[in-house]
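# Observations on the model geometry
What follows is each chain in one-letter form.
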Number of protein chains: 2
Amino acid sequence: MARVGLTPDRLTRAGADMADEVGFDQVTVSALARRFDVKVASLYSHVRNSHDLKTRIALLALEELADRGSAALAGRSGKDALTALADVYRDYAHDHPGRYAAAQFRLTPEAAAASAGTRHSQMTRAILRGYDLDEPDQTHAVRLLGSVFHGYVSLEQAGGFSHSAPDSQASWSRILDALDALLRNWPTTEAG
Amino acid sequence: MARVGLTPDRLTRAGADMADEVGFDQVTVSALARRFDVKVASLYSHVRNSHDLKTRIALLALEELADRGSAALAGRSGKDALTALADVYRDYAHDHPGRYAAAQFRLTPEAAAASAGTRHSQMTRAILRGYDLDEPDQTHAVRLLGSVFHGYVSLEQAGGFSHSAPDSQASWSRILDALDALLRNWPTTEAG
DNA sequence: CTCATTTGCCTAAAACCTTTAGCCAAATGC
DNA sequence: GCATTTGGCTAAAGGTTTTAGGCAAATGAG
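The rules behind the values
Residues numbered from 1 in each chain as written. Chains lettered and ligands numbered in written order. Predicted model: local features only at pLDDT ≥ 70, side-chain atom pairs only at ≥ 80, totals over all residues. Heavy atoms only, no water. Contact = heavy atoms within 4.5 Å. Buried area = accessible area lost by both parts, 1.4 Å probe. Salt bridge = Lys/Arg side-chain N within 4 Å of Asp/Glu carboxyl O. Polar contact = N/O pair within 3.5 Å; in protein donor to acceptor, adjacent residues only side chain to side chain. Near = heavy atom within 4 Å. Helix = DSSP H or I, 4+ residues; strand = E, 2+ residues; numbered from the N terminus. Nonpolar A, V, L, I, M, F, W, Y, C, P; charged D, E, K, R; others polar. Least-squares fit on C-alpha atoms with pLDDT ≥ 70 in both.

As recorded by an unreviewed UniProt entry, chain A carries the name TetR family transcriptional regulator and is attributed to Streptomyces phaeoluteigriseus.

### Some points on the interface of chain B and chain A
Contact residues are listed per partner, giving 40 residues for chain B and 41 residues for chain A. Sorting the residues of chain B by area buried against chain A places His-140, Arg-143 and Arg-174 of chain B first, and these three jointly supply 23% of that buried surface. Where chain B touches chain A, the interface holds 2 salt bridges. In this structure, the connection of chain B to chain A is made through 18 residue pairs in polar contact (both at pLDDT 80 or more).

### Regarding the protein's contact with DNA strand C
Close to DNA strand C lie 21 residues, the nearest being Arg-3 and Ser-42 of chain A together with Arg-3, Thr-28 and Arg-34 of chain B. Within 4 Å of the protein, the contacting atoms of DNA strand C are 64% sugar and phosphate, with bases supplying the remainder. Note that a phosphate oxygen of DNA strand C is positioned 2.8 Å from one of the backbone N or O atoms of Lys-39 of chain A. Per-element accounting of the surface near DNA strand C gives the leading share, 3 residues, to helix α2 (residues 29–35) of chain B. Here the surface near DNA strand C is composed, by residue class, of 9 nonpolar, 8 polar and 4 charged.

### Remarks on the relation of the copies chain B and chain A
The operation relating chain B to chain A is a screw motion whose rotation component is 180 degrees, with 0.1 Å of axial translation and a residual RMSD of 0.1 Å. Here the symmetry operator amounts to a two-fold rotation axis. Distance from the rotation axis, computed per C-alpha, reaches its smallest value in chain B at Gly-151 of chain B: 1.9 Å. By residue overlap, the copies meet face to face through one surface: 100% of the interface positions of chain B are interface positions in chain A.

Here it is as structure tokens:
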């Protein structure tokens with residue numbers, strides 16, 4: 001029998017593509033085997049199990065997202081950087097909904113440690129260099145930005161903001177304006 | 001044979017409990033039948049299929065969350081209300097991780113329309129009565145708050161903020177401070 | 001180039017989940 | 001009491017996951 005040339009990487013990329021096409025939770029070892037016109041058991045030489053496959057897809061998505069983030073941040077600072085990184089997340093989720101869903105796959109602590117998670121928080125931290133925040137407020141702000149980016153994009157993807165005025169793009173722009181204003185004027189204690 | 005007394009509601013509640021115990025994605029028609037010591041096919045008289053079961057659990061979680069939100073908001077306004085509602089989400093996710101995961105289950109448009117989604121956005125809007133925002137900024141702010149609540153809680157649940165200083169509670173408090181400050185001082189246009 | 005080894009895809013099979021169809025007994029209502 | 005509805009059952013088909021063991025294709029050493 002001629003060999004198809006399966007590798008963990010090819011399977012992962014094909015799985016990611018499949019996720020974008022039919023949804024991350026529809027990605028299955030069986031479906032992937034079908035796509036390569038190969039018997040299901042053959043995949044188990046390259047991937048430990050279904051969970052492993054999904055983890056790999058999640059890690060791929062996180063890497064891709066971090067790569068795009070780095071590229072977008074290069075040469076930018078301040079609000080320009082803020083907007084650029086925010087748009088990377090939103091655009092990625094829009095262009096690659098399955099990959100974005102994969103990026104939210106619950107990783108084991110080991111997988112999480114080996115993921116691009118650190119790169120992501122460092123990118124957000126890089127943005128904050130354009131603002132005047134000391135620790136621990138800088139970390140609080142990193143978490144706030146992460147929450148807004150992730151939260152907004154998730155809610156938008158779930159359809160939360162469609163079919164109602166104003167349109168989502170308008171809210172997105174204003175929210176980034178507001179975050180920029182907030183970071184420039186971060187409250188010290190109780191600002192009465 | 002004696003009847004067990006299954007109903008869609010009992011199945012839904014049992015499914016929600018199971019989600020909290022073993023995770024929402026482990027909730028399966030088979031597992032639920034096992035829990036009631038009943039044959040699998042019996043459940044199909046009460047629930048259309050697996051997807052229907054999950055949708056019902058999601059709707060239950062959204063209702064419970066809205067109920068808690070209403071209770072927490074009663075008699076509160078301003079930052080007090082903001083904190084109260086925010087804590088409802090965070091505490092619910094902490095106490096009922098499976099239900100919270102269910103609340104993020106992708107609903108069909110019809111199910112979403114019949115869900116407590118509207119109650120949720122109205123609760124957030126009620127908070128904003130304590131601040132001075134006109135449309136469309138009020139809607140933008142509703143979306144921002146929803147994003148932060150959902151985003152923060154999701155990232156926290158995924159383990160994003162554990163094992164690193166400052167602790168998550170500190171960030172949560174400061175983020176709510178910051179949101180309060182932002183809402184009190186919402187930028188009008190370009191605040192140069 | 002040949003032969004030994006490794007590797008890749010195969011068949012087979014067991015275990016589990018989903019869903020439908022049709023049956024019988026228990027509950028319900030006149 | 002009896003007819004009807006309803007709830008849980010058996011049976012069965014189809015799909016997914018995963019392991020075990022086999023054979024042929026690729027690879028590398030002499």
